[in-house]
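This is what each chain is made of:
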Amino acid sequence: MLGIPTVADRIAQTVVALYLEPLVEPQFHLDSYGYRPNKSAHQAIGAARERCWRYGWVLDLDIRGFFDNLDHRLVMRAVRKYTDCRWVLLYIERWLTAPAQLEDGSLVARAKGTPQGGVVSPLLANIFLHLAFDSWMRQTYPAVAFERYADDVIVHCQSEEQAQAVKRAIAARLARCKLELHPDKTKIVYCKDDKRRGSYPNEKFDFLGYTFRARRSKNRWGQYFVNFSPAVSKQAATKIRHAMKRWRLHLRSDKALDDLARLCNPVLRGWINYYGRFYGSALRPVFRQFNHSLTRWAMRKFKRLRGHPRRAQYWLGRLARREPRLFAPWGLLNLRPTAG
């Protein structure tokens, strides 16, 4: 559940974040990517992809209820390592312990956790995990690479034995920090490809909306091979399909195509820019549903196409050839309705 601060608290939290960020940012680990300036989810995904090619095993960590279970005393202890400014410490402590007001007006006390939705919460999470995980990994396992985006963590190992040992050590470390790994969602994954034979119960994992698994790819010489790569996850693709279904484009026969393009393209481009960065062809089956909705729109819009899906598809295909940039999937993914 999101905890939304009042307007006054949002302004105050922004002031505190602007004060703290220059103090803590130079100390943060290079492989911490979440909610940091000049860092992005795509950078984390790209780093994970390259390391999956180099290392055969991945430890996919899931911290159970991270934002809800942060220990207030340990959070304040972590913040004090970077500042002793009394007003900053006072306000952070008040925000952590402030009760949440529900819709019915009742107040719920908080003995632990930091509310998701607060301006300063991501920074507090990064400060805490930098000390609880990043710095500890640097000291304990300096040769083990990882990527962390807030509380989403991927650790790369040379062997299953190393992954098991690192998992036990991380679980013990987090327990000392009043956190725990989710027993079902935390898993060891084998990065299977052309050169890595054999099988393992887990051969794929999700990270930041992408699923990493063995995929068929083509090299620069046109030869096909199998490598371990990310593409849009099944869960993310399902959310996109549900969002497009809620648009109910086929019922908007009062709109022209240009109107539909202005309505849909900003969202479509956002999806393509994020999920099309790696293995973009995996988006094509997702956006075929969009083309199907446009076909149904055309059958309702024009009498001559009513009841003739193939004729409507042919009409839409000819339009896509004439105006390939009318809708974002047509131009960016080269995904156009067939004309016959």
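Draft legend 1. Examining the packing of aromatic side chains more closely. Counted under the stated rule, the structure contains 20 aromatic pairs. Chaining the aromatic ring pairs together yields one cluster made of Tyr19, Trp87, Tyr91 and Trp95. Over the ring of tyrosine 279 we find arginine 215, and its NZ or CZ is 5.4 Å from the ring centre. The ring of tryptophan 221 carries the charged tip of arginine 220 above its face, separated from the ring centre by 5.3 Å.

Draft legend 2. Structural detail: the pattern of salt bridges. Here the structure, examined in full by the defined rule, presents eight salt bridges. We note a salt bridge from aspartate 31 to arginine 51, for which the minimum N-O separation is 3.1 Å. Of this pair, aspartate 31 sits in the loop between α1 (7-24) and α2 (41-54) while arginine 51 sits in helix α2, and the two are 20 residues apart along the sequence. Residue class for aspartate 31 comes out buried when judged on its relative accessible area of 10%. Overall, arginine 51 belongs to the buried group, its relative accessible area being 15%. Residues aspartate 193 and arginine 196 are paired through a salt bridge, measuring 3.5 Å at the closest nitrogen-oxygen approach. Here aspartate 193 falls in the buried class, since its relative accessible area comes to 15%. By relative accessible area, which is 13% here, arginine 196 ends up buried.

Draft legend 3. Spatial organisation of the sheet that holds strand β9 (residues 224-232). Spatial strand order, β7-β8-β9: three strands in an open sheet with antiparallel pairing. With one partner strand each, in any of the chains shown, β7 (205-207) and β9 form the two edges of the open sheet. Taking each pair of neighbouring strands and ignoring which way they run, the sheet shows an average axis angle of 50 degrees. Of the strand pairs in this sheet, strand β8 (residues 210-218) and β9 are connected by nine bridges, and their pairing is antiparallel. Note on β9: the bridge partner recorded for lysine 218 is tyrosine 224. Lying on the sheet, α2 is in contact with β7, β8 and β9; it crosses β9 at an angle near 150 degrees.

Draft legend 4. Region of the structure containing the sheet that holds strand β1 (residues 57-62). One open sheet holds the four strands; their spatial order is β4-β5-β1-β6, and the pairing between them is antiparallel. For this open sheet the edge positions go to β4 (146-149) and β6 (187-190), each flanked by a neighbour on one side alone. Going across the sheet, the axis of each strand differs from the next one's by a mean of 20 degrees, ignoring polarity. One ladder, built from four bridges, connects β1 with β6; its direction is antiparallel. Paired with valine 58 across the strands is valine 189, a residue of β6. Along the sheet face, helix α6 (residues 121-140) touches β1, β4 and β5 (152-157) and points at about 175 degrees away from the line of β4. Sitting on the sheet, helix α7 (residues 160-176) is in contact with β1, β5 and β6, with an inclination near 20 degrees to β1.

Draft legend 5. Structural context of a nonpolar patch on the surface. A contiguous nonpolar surface patch, about 640 Å² in accessible area, is contributed by Val7, Ile11, Val15, Tyr19, Leu23, Trp87 and Tyr91. The set of elements that each furnish at least two residues to the nonpolar patch consists of α1 and α5 (86-97). Examining the composition of the nonpolar patch, we find that five residues originate from one element, α1, more than from any other. Following the sequence through the fold, tryptophan 87 ends up in helix α5.

Analysis parameters
- Residues numbered from 1 in each chain as written.
- Predicted model: local features only at pLDDT ≥ 70, side-chain atom pairs only at ≥ 80, totals over all residues.
- Heavy atoms only, no water.
- Phe/Tyr/Trp six-rings, centres within 6.5 Å; stacked < 30°, edge-to-face > 60°.
- Lys NZ or Arg CZ within 6 Å of the ring centre and 35° of its normal.
- Salt bridge = Lys/Arg side-chain N within 4 Å of Asp/Glu carboxyl O.
- Helix = DSSP H or I, 4+ residues; strand = E, 2+ residues; numbered from the N terminus.
- Buried < 20%, exposed > 50% of the residue type's maximum accessible area, 1.4 Å probe, protein only.
- Pairing = 2+ DSSP bridges.
- Axes fitted to C-alpha atoms, helices over the stretch in contact; angles between N-to-C directions.
- Contact = heavy atoms within 4.5 Å.
- Patch = residues over 30% accessible without salt bridge, like charges linked within 9 Å, V, L, I, M, F, W, Y side chains within 5 Å.
- Areas by Shrake-Rupley, 256 points an atom, 1.4 Å probe, with all protein chains shown as cover.

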